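Residues per chain are reported as follows:
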Amino acid sequence: MQKRAAIYVRVSTDKQTVENQLRELKQIAERRGWQVVEEYHDAGISGAKGREQRPGLDRMLKDASRRRFDVVMAWAIDRLGRSLIDLLGTIQGLEASGVDLFLEQQAIDTTTAAGKLMFQVTGAFAEFERSMIRQRVKAGLRRAVEQGKQLGRPKIAPAVEKRILSHLQKGTGILKVARLVGVGTGTVQRLARPFGASGASGA
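Residues numbered from 1 in each chain as written. Predicted model: local features only at pLDDT ≥ 70, side-chain atom pairs only at ≥ 80, totals over all residues. Heavy atoms only, no water.

Things to note about the sheet that holds strand 5 (residues 108–109)
Spatial strand order, 2-1-3-4-5: five strands in an open sheet with mixed pairing. Both edges of this open sheet fall to strand 2 (35–43) and strand 5, since each of them pairs with a single strand only. Direction of pairing for strand 1 (residues 4–11) relative to strand 3 (residues 71–74): parallel, over a ladder of three bridges. Note on strand 3: the bridge partner recorded for Ala6 is Val72. Along the sheet, helix 1 (residues 19–32) makes contact with strand 1, strand 2, strand 3, strand 4 (100–103) and strand 5, crossing strand 1 at roughly 160 degrees. (Pairing = 2+ DSSP bridges. Helix = DSSP H or I, 4+ residues; strand = E, 2+ residues; numbered from the N terminus. Contact = heavy atoms within 4.5 Å. Axes fitted to C-alpha atoms, helices over the stretch in contact; angles between N-to-C directions.)

Listed below in structure tokens is the structure:
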């Protein structure tokens, strides 16, 4: 059965062209007997940008989840992304959709048995990266506590809290209290809970 291929190309500046990448990848697909059914472009967009800022990549991954093709072809791994987390997320997304990946410059082809090992390796790297992030966050929190830093939202000054409570006890609405005292509405709402005050009143 002929494989359906999708080509993804990206260039970082508007002055660059995707035509060279497209031509080479189409020739490779023809030699392998793959049918190119779709092309996805991101022009003038850095590889450091996330999926939400790369419409071509986003559309490609959505179509992959719908199994509109069997393999994604790209010129090089940095075309898919330069952030390790984003890159691994893209590759894992393809694997979860049952879509293979072909990268010309890295000679990666997961349509082959040897190439499928690449999916397993990237899965291990992704879990390792997530574990490292969790450890860094926990270490940072411990260090902050040891240095006596207060975590969470900073407490407001007692005098300010007293003014807020005084206004609330008079029945002044949350929005008006926030304006009068010069604090955020979230701060007033937190203190207003025992009073059952409404943010709409006293505007």
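After presenting the structure, the write-up continues.
Looking at the packing of helix 6 (residues 158–169) against helix 7 (residues 174–181)
Close contact between helix 6 and helix 7 brings their axes to 10 Å; oriented N to C, the two are set at 145 degrees. The element helix 6 and its partner helix 7 pack so that their crossing is right-handed. Mapping the contact onto sequence places Val160, Arg163, Ile164, His167 and Leu168 in helix 6 and Val177, Leu180 and Val181 in helix 7. Looking at the contact of helix 6 with helix 7 residue by residue, the classes come out as six nonpolar, one polar and one charged. (Left-handed = near helix turned anticlockwise from the far one by under 90°. Nonpolar A, V, L, I, M, F, W, Y, C, P; charged D, E, K, R; others polar.)

Focus: the environment of Val36
Relative to the helices and strands, Val36 is located in strand 2. According to the relative accessible area criterion, Val36 is partly exposed, its value standing at 29%. As for Val36 and Met73, which are separated by 37 residues in sequence, their C-alpha atoms are 9.5 Å apart. Here Val36 is in contact with Ala5, Ile7 and Ala29, once residues within four sequence places are set aside. (Buried < 20%, exposed > 50% of the residue type's maximum accessible area, 1.4 Å probe, protein only.)

Concerning the side chain of Ser97
Here Ser97 is to be found in the loop between helix 4 (84–96) and strand 4. Excluding residues that lie within four positions of it along the chain, Ser97 makes contacts with Ala64, Ser65 and Arg67.

Some points on the packing of aromatic side chains
Scanning the model with the defined rule gives two aromatic pairs in all. Aromatic pair Tyr40 and Phe69: ring centres 6.0 Å apart, planes at 65 degrees, arrangement edge-to-face. One end of the pair, Tyr40, is in strand 2; the other, Phe69, is in the loop between helix 2 (55–65) and strand 3, and 29 residues separate them in sequence. Accessibility classification places Tyr40 together with Phe69 in one group, the buried group. (Phe/Tyr/Trp six-rings, centres within 6.5 Å; stacked < 30°, edge-to-face > 60°.)

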